[in-house]
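So the chains spell out like this:
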Amino acid sequence: ARVEGTASSYAGININGGVNPESGGSTLDGKSYGILSLGGVLYMWVSPGSNDENWNRVDLLKSADRGATWSTAIPSFVTESDGVGIPAILQFGRDYAGARDDFVYSYFINIRDATSLAVQKPGAIALVRAPRGDVEDRSAYEWFAGVDESGNAVWSPGITNREPVFEDANGVGWNLSVVHNAGLDRYILVTEHTESMAGNIGIFDAPEPWGPWSAVTYQENWPQGGQVEHSSFFWNFSPKWWSDGGLGFVLIFSGVDENDSWNTVRGSFVLPNT
């Protein structure tokens, strides 16, 4: 779908599948939690089916006509046996224009239990990157493998050499989002903990895509006050709707039951010592 308009007045238009789509019925089978545009070409990671089938594999799909049709760029980029799944792409704004360098970064969840869509405990997240001109070349990808003595990131083509960029003993959700806030020049990661589909939100920020991460907020039964049912499991800050130099935000969220929809809430960050 395409979302048009401002943060306070927007509309969704189905492109491929859904109600009254512009291009007809969907030919896709699966779900995606990571999408981006590079030079007008859309790419997204897709996991097949639903429920625990999401852990089976991850394909990279592409669209040269703004989502009207899709083709497979890399089939089975990873499978369940690789130990990671359900990725998200680090967002840098429109057409990746705000990217820090010439790489595209994606975060993968370490699989602990593939029998259901549950919080993975203990939680760990891996990071992989590829040159933006080679995102369709499987051999161009390299995994974060720690830092050297100078604190610089080390990268390896071997997935078995990966080191986590984020860990939480209470677990991480089966999906996540990461976005760069250009106004604050911070990377913001959002995921679940402890229990899925219960509004257990954790928001973290870091100076680099690989950390180190500090907690912005860490809650259970979000939001407090009873305005929204405590059943959300996915949150993502909209790169389109930052305001006030990055302090103002629009948080998009979804969940089950009453939250099984596109939902937004406005908010603002409060910096330390201000």
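Above this text you will find the structure in question.
So, here is what we can say about the structure in this document. Just so you know, these numbers come straight off a predicted model, no measurement behind them. (Residues numbered from 1 in each chain as written. Predicted model: local features only at pLDDT ≥ 70, side-chain atom pairs only at ≥ 80, totals over all residues. Heavy atoms only, no water.)

1. Overview of the sheet that holds strand 13 (residues 176-181)
Reading across the sheet, the four strands line up as 13-14-15-16 and stay open at both edges, with antiparallel pairing between neighbours. In this open sheet, the two strands that pair with only one neighbour each are strand 13 and strand 16 (214-218). The sheet shows a mean angle of 20° between the axes of neighbouring strands, taken without regard to direction. (Pairing = 2+ DSSP bridges. Helix = DSSP H or I, 4+ residues; strand = E, 2+ residues; numbered from the N terminus. Axes fitted to C-alpha atoms, helices over the stretch in contact; angles between N-to-C directions.)

2. Regarding the packing of aromatic side chains
Taken as a whole and assessed by the stated rule, the structure comprises 28 aromatic pairs. For the ring pair F103 and Y105, a centre distance of 6.4 Å and an interplane angle of 55° mean the geometry is tilted. Judged by its relative accessible area of 21%, F103 falls in the partly exposed class. The class for Y105 is buried, based on a relative accessible area of 0%. The rings of W45, F77, F108, Y141 and W143 are connected pair by pair, giving a single aromatic cluster. A cation over a ring is seen here: R129 above F103, with NZ or CZ 3.7 Å from the ring centre. (Phe/Tyr/Trp six-rings, centres within 6.5 Å; stacked < 30°, edge-to-face > 60°. Buried < 20%, exposed > 50% of the residue type's maximum accessible area, 1.4 Å probe, protein only. Lys NZ or Arg CZ within 6 Å of the ring centre and 35° of its normal.)

3. Re the pattern of salt bridges
A full pass over the atoms with the stated rule returns eight salt bridges. R2 serves as the salt-bridge partner of E22, at 2.9 Å between the closest nitrogen and oxygen. Here E22, found in the loop between strand 2 (9-13) and strand 3 (31-38), pairs with R2, found in strand 1 (residues 2-6); they are 20 residues apart in sequence, far enough to count as distant. A relative accessible area of 29% places R2 in the partly exposed class. Each of R2, E4 and E22 takes part in salt bridges that share partners, so that together they form one network. (Salt bridge = Lys/Arg side-chain N within 4 Å of Asp/Glu carboxyl O.)

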